[in-house]
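Residue-level structure breakdown
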Amino acid sequence: MTETQPKDATEPIIKIVGMHKWYGDFHVLSDINLEVQLKERIVICGPSGSGKSTMIRCINRLEEHQRGQIIVNGTELTNDIKNIETVRAEVGMVFQHFNLFPHLTIVENLTLGPIWVRKTPKKEAEETAMMYLEKVHIAEQAQKFPGQLSGGQQQRVAIARSLCMHPEVMLFDEPTSALDPEMIKEVLDVMIDLAEEGMTMLVVTHEMGFAKSVADRVMFMDEGQIVEQNNPHDFFDNPQHERTKLFLSQIL
Amino acid sequence: MSVPEQATREYLDAPIRKIGALAWLKENLFNNWYNSLLTVLTLLALCYVVPPFFKWAFVDSLWNTSAEACRDIEGACWSIVPNNIKFIILGFFPEGQEWRPILAMILLLSLVIYSKEWTRWNKYLGWLWVAGLIVMGTLMYGGVFGMPVVETAQWSGLPLTMMLSFFGMVAAYPLGVLLALGRRSKMPAIKTLCVVYIEMIRGVPLISLLFMSSIMFPLFLPDGMTIDKVLRAQVAIILFTAAYIAEVVRGGLQAMPRGQYEASDSLGLNFRQTMRLVILPQALKIVIPPTVGILLSAFKDTSLVVIIALYDVLKTTKVTLSNPKWTGYSTEAYIFLAVLYFICCYAMSSYSRRLEKDLHTGH
Ligand SMILES: Nc1ncnc2c1ncn2[C@@H]1O[C@H](COP(=O)(O)OP(=O)(O)OP(=O)(O)O)[C@@H](O)[C@H]1O
Ligand SMILES: [Mg+2]
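Residues numbered from 1 in each chain as written. Chains lettered and ligands numbered in written order. Predicted model: local features only at pLDDT ≥ 70, side-chain atom pairs only at ≥ 80, totals over all residues. Heavy atoms only, no water.

Attention shifts here to the overall build of chain B. Assigned secondary structure in chain B consists of 15 helices and 0 strands. In terms of overall dimensions, chain B is more spread out than a globule: its C-alpha atoms have a radius of gyration of 27 Å, far above the 21 Å expected for 363 residues. Buried positions account for 39% of the 363 residues belonging to chain B. For chain B, contacts bridging at least 24 residues in sequence account for 66% of all contacts bridging at least 6. When the accessible surface of chain B is split by element, carbon and sulfur atoms take 69% of a total near 21,700 Å². (Helix = DSSP H or I, 4+ residues; strand = E, 2+ residues; numbered from the N terminus. Rg over C-alpha atoms; globule rule 2.2 N^0.38 Å. Buried < 20%, exposed > 50% of the residue type's maximum accessible area, 1.4 Å probe, protein only. Contact = heavy atoms within 4.5 Å. Areas by Shrake-Rupley, 256 points an atom, 1.4 Å probe, with all protein chains shown as cover.)

Structure follows, in structure tokens:
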């Protein structure tokens with residue numbers, strides 16, 4: 001069993017080995033290999049349809065891979081539902097469309113996971129929730145419902161909701177692309193704070209400014225493969241592959 | 001974030017809306033030529049219908065007299081109701097024991113009214129209901145504390161209607177939700193079972209289900225074994241209503257965006273938690289209006305049990321009318337029944353509207 005692998009300092013928190021995925025007959029991800037160290041911050045970019053979302057959604061099994069291995073914090077993702085739930089509790093995810101629970105207040109959104117998954121006492125969960133709401137500068141909205149908040153505020157709540165589970169890793173799937181320009185900054189600021197505190201992050205985004213200032217590693221995906229990865233300096237100034245060059249010339 | 005500068009622009013009061021009866025009339029009833037025409041026509045029709053009805057129902061009518069007194073009047077003979085109220089409401093419940101079904105009905109109504117506030121729904125209320133139902137059952141059936149046994153065959157009138165419809169709705173709702181979940185299940189056996197069940201039930205009228213339960217079903221039972229007739233009718237009503245609820249709830253489940261499932265999955269909630277805490281509360285709320293529609297028709301459909309010789313409140317009224325003394329006054333009796341049904345249905349639908357409003361969270 002791979003469940004209790006040693007967790008020494010160099011053991012990657014996420015390890016993907018030879019992973020393939022198909023949607024029906026469509027080979028969407030091909031031979032993905034990736035190791036993410038604790039506290040590493042990775043930005044993933046690439047053209048639309050290149051499989052960025054699919055790849056990070058495989059990491060918490062929102063999508064199922066068909067070949068290869070994905071090991072998160074020592075737990076391999078298999079069909080074992082217990083393993084899947086363990087991994088999901090360790091991995092936070094922030095979606096493009098926030099996906100807050102509209103029938104619950106903001107603070108209830110934040111305490112739902114801790115109370116039911118982590119079995120945290122309600123009061124303690126609420127205190128933690130308020131702490132994270134302070135952190136994303138939105139504590140005064142705690143008793144409102146998601147529908148009463150702006151997009152930027154909702155996305156910050158969504159980030160806080162993930163943080164309340166004390167995840168080891170945070171996945172972001174285009175967290176700012178559904179937002180109006182003036183709200184993008186407030187969300188990015190929160191993400192930058194998070195990065196500075198040492199959170200392990202995988203971020204799919206087109207915000208290249210964010211990539212340059214925060215990422216340890218930038219990764220370019222095309223047609224379901226990781227084409228190129230490098231530190232931001234070399235990635236932007238000295239891309240190796242034609243496809244990367246073309247992509248960068250289009251978005252910068 | 002910087003604090004916005006103190007606003008310097010002027011804030012005006014919202015314009016005052018025109019009030020007063022004339023302005024209201026002009027705005028709402030006579031705002032253009034066809035609305036004016038409709039208003040006039042409606043008024044004419046009302047003038048034609050309302051005064052004669054009013055005269056019949058209230059001026060020329062008798063309220064609490066003998067049947068003989070009614071022979072000589074033009075108006076309504078409401079006397080049929082007070083004179084026969086005991087039989088219409090309680091049917092064949094034995095003489096001297098009438099307090100039992102009345103107490104049971106009062107108990108049921110008070111529990112329903114107390115449970116109206118959804119903020120009161122908790123474990124204790126659940127136990128209160130269990131206790132209440134046991135007491136009601138005991139009151140109706142008897143056999144303890146010196147209360148003589150009253151077989152279910154003698155249960156009739158309003159208590160029977162209330163029982164069939166209340167348990168019909170309360171049991172059909174969760175069953176319907178389970179069927180809807182089953183129909184969306186990834187397990188082929190469960191899914192097929194639910195689809196077949198739902199489609200079969202929806203393919204036959206309630207009357208035929210009631211017939212089956214009262215005539216065909218006993219044929220399959222081993223000799224000497226019987227299942228209570230009222231219970232069989234009750235089960236038929238529950239099974240029938242549940243199939244319809246299931247389809248409505250399935251619609252609500254389909255309306256849930258995938259993001260809601262993904263968000264709860266990514267928090268590590270398991271399937272049951274996801275359903276219970278995230279999906280069902282939203283899906284069931286969306287389908288409150290059609291669900292109430294189904295519950296209302298289930299309530300009214302309980303009167304179909306007459307065809308298997310159960311005496312619900314409609315049947316006891318009919319029996320009253322077959323008494324030669326009262327034969328001519330069916331209009332009055334049926335109006336009384338209609339009002340009774342209307343009160344119940346109206347209470348349910350206005351309650352559902354309030355529940356919808358309470359649960360609205362601005363999205
Ligand atoms: N559920 C699905 N079934 C079939 N094909 C899918 C499904 N989801 C995605 N795809 C396909 O898989 C490919 C990769 O999709 P994915 O969403 O991962 O791309 P992406 O890189 O995130 O693109 P974008 O930048 O537009 O979000 C696309 O061609 C898409 O059409
Ligand atoms: Mg995507």
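Here we take up the pairing of strand β3 (residues 41-45) of chain A. All names here are of chain A. Counting buried positions along β3 gives 4 out of 5 residues, so the element sits mostly inside the fold. Taken together, the 4 bridges between β3 and strand β8 (residues 200-204) define a ladder with parallel strand orientation. The residue of β8 that forms the bridge with I44 is V204. Two strands pair when backbone bridges link them, and β3 and strand β9 (residues 217-222) are joined in this way by 4 bridges, in the parallel orientation. Considered in β9, the bridge of V43 is made with V218. (Pairing = 2+ DSSP bridges.)

Let us now look at the sheet that holds strand β10 (residues 225-230) of chain A. All names here are of chain A. Read across the sheet, 6 strands follow the order β6-β7-β8-β3-β9-β10 without closing on themselves; strand pairing throughout is mixed. Taken across any chain shown, the strands that pair with only one partner, and hence form the sheet edges, are β6 (91-94) and β10. Taken over all neighbouring pairs, the strand axes of this sheet differ in orientation by 20° on average, direction set aside. Across the sheet, helix α9 (residues 242-251) touches β3, β9 and β10, and the angle it forms with β9 is around 100°. (Axes fitted to C-alpha atoms, helices over the stretch in contact; angles between N-to-C directions.)

So, on to the pattern of salt bridges. All names here are of chain A. Within this structure, the stated rule accounts for 24 salt bridges over all chains. Measuring nitrogen to oxygen at the nearest pair gives 3.0 Å for the salt bridge that ties R57 to E63. Accessibility expressed as a relative area gives 8% for R57, which makes it buried. According to the relative accessible area criterion, E63 is buried, its value standing at 11%. Note that K122 and E126 form a salt bridge whose closest N and O atoms lie 3.6 Å from each other. (Salt bridge = Lys/Arg side-chain N within 4 Å of Asp/Glu carboxyl O.)

The next subject is a nonpolar patch on the surface. Residue and element names in this part refer to chain B. On the surface, L22, W24, L25, F30, W33, Y34, L37, V40, L41 and L44 cluster together into a nonpolar patch covering about 1,100 Å² of accessible area. Only α1 (21-28) and α2 (33-59) provide two or more residues apiece to the nonpolar patch. When residues of the nonpolar patch are assigned to their parent elements, the largest contribution, 6 residues, is made by α2. By the secondary structure assignment, L22 is in helix α1. Residue classification places L22 among the exposed positions, given a relative accessible area of 69%. (Patch = residues over 30% accessible without salt bridge, like charges linked within 9 Å, V, L, I, M, F, W, Y side chains within 5 Å.)

A word on the interface of chain A and chain B. Taken together, the contact between chain A and chain B spans 25 residues of the former and 21 residues of the latter. Buried surface at the junction of chain A and chain B, summed over both partners, amounts to about 2,100 Å²; 63% is from carbon and sulfur atoms. At the junction of chain A and chain B, the tally comes to 3 salt bridges. R57(A) serves as the salt-bridge partner of E262(B), at 2.6 Å between the closest nitrogen and oxygen. For the interface between chain A and chain B, the tally reads 6 residue pairs in polar contact (both at pLDDT 80 or more). Those elements that provide at least two residues to the side of chain A that touches chain B are α2 (81-90), β6 and α3 (106-116) of chain A. Residue classes in the side of chain A that touches chain B are distributed as 13 nonpolar, 6 polar and 6 charged. (Buried area = accessible area lost by both parts, 1.4 Å probe. Polar contact = N/O pair within 3.5 Å; in protein donor to acceptor, adjacent residues only side chain to side chain. Nonpolar A, V, L, I, M, F, W, Y, C, P; charged D, E, K, R; others polar.)

The next thing to look at is the site of ligand 1. All names here are of chain A. Taken together, Y23, F26, V28, P47, S48, G49, S50, G51, K52, S53, T54 and E174 make up the full set of residues near ligand 1. Between an oxygen atom of ligand 1 and a side-chain N or O atom of T54, the distance comes to 2.4 Å. A distance of 3.1 Å separates an oxygen atom of ligand 1 from a polar atom in the side chain of E174. Contact with the protein chains covers 61% of the free accessible surface of ligand 1, which is 630 Å². Those elements that provide at least two residues to the shell around ligand 1 are β2 (26-36) and α1 (52-59). By residue class, the composition of the shell around ligand 1 is 4 nonpolar, 6 polar and 2 charged. (Near = heavy atom within 4 Å.)

Attention shifts here to the nonpolar core. Across soluble globular proteins, you tend to see nonpolar side chains buried next to one another. Ranked by internal contacts, the top residues of the largest apolar core, which has 109 residues, are I14(A), I44(A), M55(A) and L202(A). Grouped together as the second largest cluster of nonpolar side chains are 48 residues, Y132(A), L149(A), A158(A) and L163(A) included. (Core = buried A, V, L, I, M, F, W, Y, C linked by side-chain atoms within 4.5 Å.)

A word on the domain arrangement of chain B. One widely used convention gives an interface's size as the accessible area the parts lose upon coming together. Residues and elements named next belong to chain B. Per the domain assignment, the segments making up chain B are domain 1 (2-51), domain 2 (62-93 + 316-363), domain 3 (95-149) and domain 4 (158-310). Each of domain 2 and domain 4 has a C-alpha centre, and these two points are 30 Å apart. Counting residues at the interface gives 16 residues for domain 2, matched by 12 residues for domain 4. Carbon and sulfur atoms supply 78% of the area that domain 2 and domain 4 bury against each other, a total of about 1,100 Å² over both sides. On the surface where domain 2 and domain 4 come into contact, there are 0 salt bridges. Across the contact surface, domain 2 and domain 4 share 2 residue pairs in polar contact (both at pLDDT 80 or more). Looking at the side of domain 2 that touches domain 4, the elements with two or more residues in it are α4 (80-90) and α15 (330-359). In terms of residue count, α15 provides more of the side of domain 2 that touches domain 4 than any other element does, 10 residues in total. In terms of residue class, the side of domain 2 that touches domain 4 is made up of 10 nonpolar, 5 polar and 1 charged. (Domains from an automatic or database assignment.)

A word on the pairing of β6(A). Residue and element names in this part refer to chain A. Residues of β6 alternate between two faces, with V91 and M93 on one and G92 and V94 on the opposite face, all of them buried. When β6 meets strand β7 (residues 169-173), the two strands line up parallel, connected through 4 bridges. When the bridges of β7 are listed, V94 appears paired with F172.

Predicted coordinates in regions of low pLDDT should not be interpreted in detail. Scored by pLDDT, chain A comes out at a mean of 90, with 96% of its residues at no less than 70. Note that pLDDT drops below 50 for residues 1-6 of chain A; the model gives that stretch 10 contacts with residues more than four away or on any other chain. (pLDDT = per-residue confidence, 0-100.)

So, on to the side chain of H20(A). Residue and element names in this part refer to chain A. You can see H20 is positioned in strand β1 (residues 14-23). Classification of H20 by relative accessible area gives buried; the value is 12%. A polar side-chain atom of H20 sits 3.4 Å from the main-chain amide nitrogen of D31. Excluding residues that lie within four positions of it along the chain, H20 makes contacts with H27, L29, S30, D31, H65, Q66 and R67.

Glancing now at the packing of helix α7 (residues 157-183) of chain B against helix α12 (residues 271-286) of chain B. Residues and elements named next belong to chain B. One way to put it is that α7 packs onto α12 with a least axis distance of 13 Å and a crossing angle of 110°. It follows that α7 is roughly perpendicular to α12 by the angle criterion. Contacts between α7 and α12 involve Y173, V177 and L181 on the former and, on the latter, M275, L280 and L284. Of the residues belonging to the contact of α7 with α12, the class tally is 6 nonpolar, no polar and no charged. (Parallel < 35°, antiparallel > 145°, perpendicular 65-115°, else oblique.)

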